[in-house]
Number of protein chains: 2
Amino acid sequence: MSVTVVGSIAFDAVKTPFGSRERMLGGSAVHFSLAASFFDVVHVVGPVGDDFGEDEYAVLQARNVETGDIEHVAGGQTFFWRGEYGWDLNERETLDTQLNVFAEFEPKLSEASRTADVVFLANIQPDLQRRVREQCEAARFVALDSMNLWIEAARDSLIETIAGVDCLMLNDSELRELTREPNFVRAANQVREWGPSVVVAKQGRYGAAMITDEGFFALPAFPLETVVDPTGAGDCFAGGFMGYIAAHPGTELDHDLLSRAMAYGTALASFNVEEFGVERVARLTSDEVADRVAELRQMTHFIEKPVVLRR
Amino acid sequence: MSVTVVGSIAFDAVKTPFGSRERMLGGSAVHFSLAASFFDVVHVVGPVGDDFGEDEYAVLQARNVETGDIEHVAGGQTFFWRGEYGWDLNERETLDTQLNVFAEFEPKLSEASRTADVVFLANIQPDLQRRVREQCEAARFVALDSMNLWIEAARDSLIETIAGVDCLMLNDSELRELTREPNFVRAANQVREWGPSVVVAKQGRYGAAMITDEGFFALPAFPLETVVDPTGAGDCFAGGFMGYIAAHPGTELDHDLLSRAMAYGTALASFNVEEFGVERVARLTSDEVADRVAELRQMTHFIEKPVVLRR
């Protein structure tokens, strides 16, 4: 089967306490694609400008990402973002956003992209997400990400779009903002009333938590001594999560399978933050992914041994 | 064997979005004792005033906590704290602190308290913690908690005290403040250079993470639809954690055992926040504790199933 992602393809300028990059390949659809490429064929959909060249295509194609639905806007410039992270990498400030070709973007999906088994609507304007969703009628599992900008500027449209997907995947704080509910269990239940059966809260350095029809599941972030650049971690998480689902066609998407998908998402996100931009994931191997999932399992599993409690 | 805890015994006034209490039993040593009482004999050490009466003793004694080392200061008043929590329970403001009998407190441990197998130095002035530590020469496992007040006012003394214990257990943000290191792995390694082999970061709503000689372990907080009052959750976590260790005399305190201790700590903390003060833990049953640990295990364990990754 295959995975389709619609989202931003970008050049990023990033400064963190560990260094900086003036112009590197980025964007939610790029980070997602590279992570999901470990599991299945990935179709990436998004606009680029004249400045997006062979070097950038090569990064995606080296991981066999299908780039046929990348729309080249002649005379345009690729989306650009500049941001800086504080000392503990928990806060980030956006210093510049140039929408460029993204300002007029209207997703056009090829037959191959439209018929994908698994679809990820990365963080773009919710009306656009909904129009993509409507084109992908056959998809078995559709997930959506968003951000505070749309929660504040287009909440009604966002909730309408959420109603049409299977899974909402948001930053913890954005889930609180969207639902106006500080408690994760209640926030997830609110979202589940709108439509999705699966809700995932991305908690940054603390990991991720999920609620499905069958209950709660959570994993910590993989512990790293040095986190160089958190940009794209959430999209890599989504790529690992959705990729794992795509790799299991004809299997019931039950709580156990989604829990394992969380583990692969966690592993992919952890590699992403080890270096700037896509640098680490671009040269990642499948053995490294498998090893990290096994390590994560050890770091979260405890062996049950009965203890006699007093009264 | 047995557990000794030295810390505050208090009356708390607490306001949360779910209600308020004007005067209820609290204090780190009280919350710890009730949680640890599910595992072993607990000796509680701390001062109280004339306002601490039979009703308060009865709560501790109902769970067989040894109250002989509670020091009654005639003519004094018990430590009092008033605080209020914000809408998401993540921020709290201290509105009033009356040290009262705590101002002149000098811990005096009976023979039974001094010879405990497991000792918890709850959050008090680090010089006092060190003097308690020196009295408990025979202890197999000593853990220490502290707070931003002491990190800011008595950092050198605190680090000297930390050097003499086996385990440092701090709030996540305080561990960052103490070590001036935002990354948990690096912060824990710094602490381990000072002395303790075990470092636990309490992460509030996100759970807790640990580093031992053998590596990393983490658990999410148990998911609850309603958290009524977070006061004392960290001390209940410590009570469950240390109690579990005390319940295993003659057993090597390896990573697996400490990981299970984390699970019991997480369970005890989760009950504590379901109601105000000690209300929930005071009527908790050992079956409820065991059931919650089993549930927590299910919510964090994923079954490994090989997946064929692409290259």
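Use the structure listed above.
Residues numbered from 1 in each chain as written. Chains lettered and ligands numbered in written order. Predicted model: local features only at pLDDT ≥ 70, side-chain atom pairs only at ≥ 80, totals over all residues. Heavy atoms only, no water.

Chemist: Account for the packing of aromatic side chains, naming residues and giving values.
Modeler: Considering all chains together, one arrives at 21 aromatic pairs over all chains under this definition. With a centroid separation of 4.7 Å and an interplanar angle of 5°, the aromatic rings of F32 of chain A and F120 of chain A are classed as stacked. Of this pair, F32 of chain A sits in helix α1 (residues 28-36) while F120 of chain A is found in strand β8 (residues 118-121), placing the two residues 88 residues apart along the sequence. Assigned by exposure class, F32 of chain A and F120 of chain A land together as buried. Taking 5.6 Å as the distance between ring centres and 85° as the angle between the ring planes, the aromatic pair formed by F39 of chain A and Y264 of chain A counts as edge-to-face. One end of the pair, F39 of chain A, is in the loop between α1 and β4 (41-48); the other, Y264 of chain A, is in helix α10 (residues 255-272), and 225 residues separate them in sequence. As far as burial versus exposure is concerned, F39 of chain A and Y264 of chain A are alike and both buried. Put simply, the rings of F11, F52 and Y57 of chain A touch in pairs and so form one group of aromatic residues. For R292 of chain A, the ring lying beneath its charged end belongs to F271 of chain A, and the centroid distance is 3.8 Å. One cation-aromatic arrangement involves R23 of chain B over F11 of chain B; the distance from NZ or CZ to the ring centre is 3.9 Å. (Phe/Tyr/Trp six-rings, centres within 6.5 Å; stacked < 30°, edge-to-face > 60°. Helix = DSSP H or I, 4+ residues; strand = E, 2+ residues; numbered from the N terminus. Buried < 20%, exposed > 50% of the residue type's maximum accessible area, 1.4 Å probe, protein only. Lys NZ or Arg CZ within 6 Å of the ring centre and 35° of its normal.)

Chemist: Can you explain the relation of the copies chain B and chain A? Please cite residues and give values.
Modeler: When chain B is fitted to chain A, the best match, at an RMSD of 0.0 Å, comes from turning it 180° and sliding it 0.0 Å along the axis. Classification of the inter-copy transformation places it as that of a two-fold axis. Residue H301 of chain B, judged by its C-alpha, is the member of chain B lying nearest the rotation axis, at 2.9 Å. Here 100% of the interface residues in chain B have copies in chain A that are interface residues too; the copies meet face to matching face. (Least-squares fit on C-alpha atoms with pLDDT ≥ 70 in both. Contact = heavy atoms within 4.5 Å.)

Chemist: Tell me about the pairing of strand β2 (residues 10-16) of chain A, residues and numbers included.
Modeler: All names here are of chain A. Judged by how many residues are buried, β2 sits mostly within the fold: six of seven residues are covered. Following β2, the chain reverses through two residues before pairing antiparallel with strand β3 (residues 19-26). Across six bridges, the pairing between β2 and strand β6 (residues 79-85) is parallel. Across the sheet, A10 pairs through a bridge with F79, a residue of β6. (Pairing = 2+ DSSP bridges.)

Chemist: Can you tell me about the sheet that holds strand β7 (residues 92-98) of chain A, naming the residues and giving the values?
Modeler: Residues and elements named next belong to chain A. On the basis of which strands lie adjacent, the open sheet formed by four strands has the order β3-β2-β6-β7 and mixed pairing. Each edge of the open sheet is held by one strand with a lone partner, namely β3 and β7. On average, each strand axis in the sheet is tilted by 15° relative to the strand beside it, whichever way the strands run. (Axes fitted to C-alpha atoms, helices over the stretch in contact; angles between N-to-C directions.)

Chemist: Give me the lowdown on the interface of chain B and chain A, citing residues and values where you can.
Modeler: Taken together, the contacts link 61 residues of chain B with 61 residues of chain A. Of the roughly 5,500 Å² buried at the junction of chain B and chain A (both faces included), carbon and sulfur atoms supply 55%. When the buried surface of chain B facing chain A is broken down by residue, F302, R310 and R311 of chain B rank first, second and third, together holding 16% of it. Between chain B and chain A we count two salt bridges in total. Residue E304 of chain A is joined to R297 of chain B by a salt bridge in which the shortest nitrogen-to-oxygen separation is 3.8 Å. Linking chain B with chain A are 29 residue pairs in polar contact (both at pLDDT 80 or more). Within the residue set of the side of chain B that touches chain A, elements represented by two or more residues are α7 (172-179), α8 (184-194), β13 (215-219), α10 (255-272) and α12 (286-298) of chain B. Per-element tally for the side of chain B that touches chain A: the top contributor is α12 of chain B, with seven residues. Of the residues in the side of chain B that touches chain A, the class split is 31 nonpolar, 13 polar and 17 charged. (Buried area = accessible area lost by both parts, 1.4 Å probe. Salt bridge = Lys/Arg side-chain N within 4 Å of Asp/Glu carboxyl O. Polar contact = N/O pair within 3.5 Å; in protein donor to acceptor, adjacent residues only side chain to side chain. Nonpolar A, V, L, I, M, F, W, Y, C, P; charged D, E, K, R; others polar.)

Chemist: Summarise helix α8 (residues 184-194) of chain A; cite the residues concerned and give the values.
Modeler: For α8 of chain A, the complete set of buried residues consists of F184, V185, A187, A188 and V191 of chain A. Buried residues of α8 of chain A, viewed axially, fall in a sector of 165°; they line one side. (Arc of directions from axis to C-beta.)

Chemist: I'd like to hear about the pattern of salt bridges, residue by residue, with values.
Modeler: Think of it this way: side chains of opposite charge can pair up when their charged atoms draw near. All names here are of chain A. For the coordinates displayed, the defined rule picks out 36 salt bridges over all chains. Residue R23 is joined to D51 by a salt bridge in which the shortest nitrogen-to-oxygen separation is 2.8 Å. Of the two residues, R23 is situated in strand β3 and D51 in the loop between β4 and α2 (54-61); the sequence distance between them amounts to 28 residues. Put simply, E274, R280, E288 and R292 are held in one network by salt bridges that share partners.

Chemist: Now, about the sheet that holds strand β1 (residues 2-6) of chain B: what can you tell me, with residues and values included?
Modeler: All names here are of chain B. In spatial order, the strands read β5-β4-β1-β8-β9-β10-β11-β12-β13; together these nine strands make up an open sheet with mixed pairing. The strands lining the two open edges of the sheet, one partner per strand, are β5 (70-72) and β13. Each adjacent strand pair in this sheet contributes to an overall mean axis angle of 15°, direction not counted. Relative to strand β4 (residues 41-48), β1 is paired through five bridges, and the arrangement is parallel. What sits directly across from S2, in β4, is V41.

Chemist: Requested: an account of the environment of T251 of chain B, with residues and values cited.
Modeler: Residue and element names in this part refer to chain B. Mapping T251 onto the fold places it in the loop between α9 (233-246) and α10. Residue classification places T251 among the partly exposed residues on the basis of a relative accessible area of 34%. Sequence-wise, T251 and F105 are 146 residues apart; in three dimensions their C-alpha atoms are separated by 35 Å. Aside from chain neighbours lying at most four places away, what touches T251 is R140 and L257.

Chemist: Before we move on, could you go through the pairing of strand β12 (residues 208-212) of chain A and cite the residues and values that matter?
Modeler: All names here are of chain A. For β12, a buried count of five out of five residues is recorded, marking the element as mostly surrounded by other parts of the structure. Side-chain alternation along β12 places A208, M210 and T212 on one buried face and A209 and I211 on a second face that is also buried. Examined bridge by bridge, strand β11 (residues 198-202) and β12 share four bridges and lie antiparallel to one another. Bridge pairing in β12 places V200 opposite M210. Summarising the sheet, β12 and strand β13 (residues 215-219) pair through five bridges and their orientation is antiparallel. When the bridges of β13 are listed, T212 appears paired with G215. Between β12 and β13, which pair antiparallel one after the other, the connecting turn spans two residues.

Chemist: Give a description of the side chain of R63 of chain B that names residues and reports values.
Modeler: Assignment of secondary structure puts R63 of chain B in the loop between α2 (54-62) and β5. E288 of chain B is the oppositely charged side chain nearest to the buried, salt-bridge-free R63 of chain B, at an N-O distance of 8.8 Å. A polar contact of 3.2 Å, which involves the side chain of R63 of chain B, links it to the backbone oxygen of R310 of chain A. Excluding residues within four positions of it along the chain, R63 of chain B makes contact with R310 and R311 of chain A together with L34, S37, F38, V281 and L284 of chain B. (Lys, Arg positive; Asp, Glu negative; His and termini not counted.)

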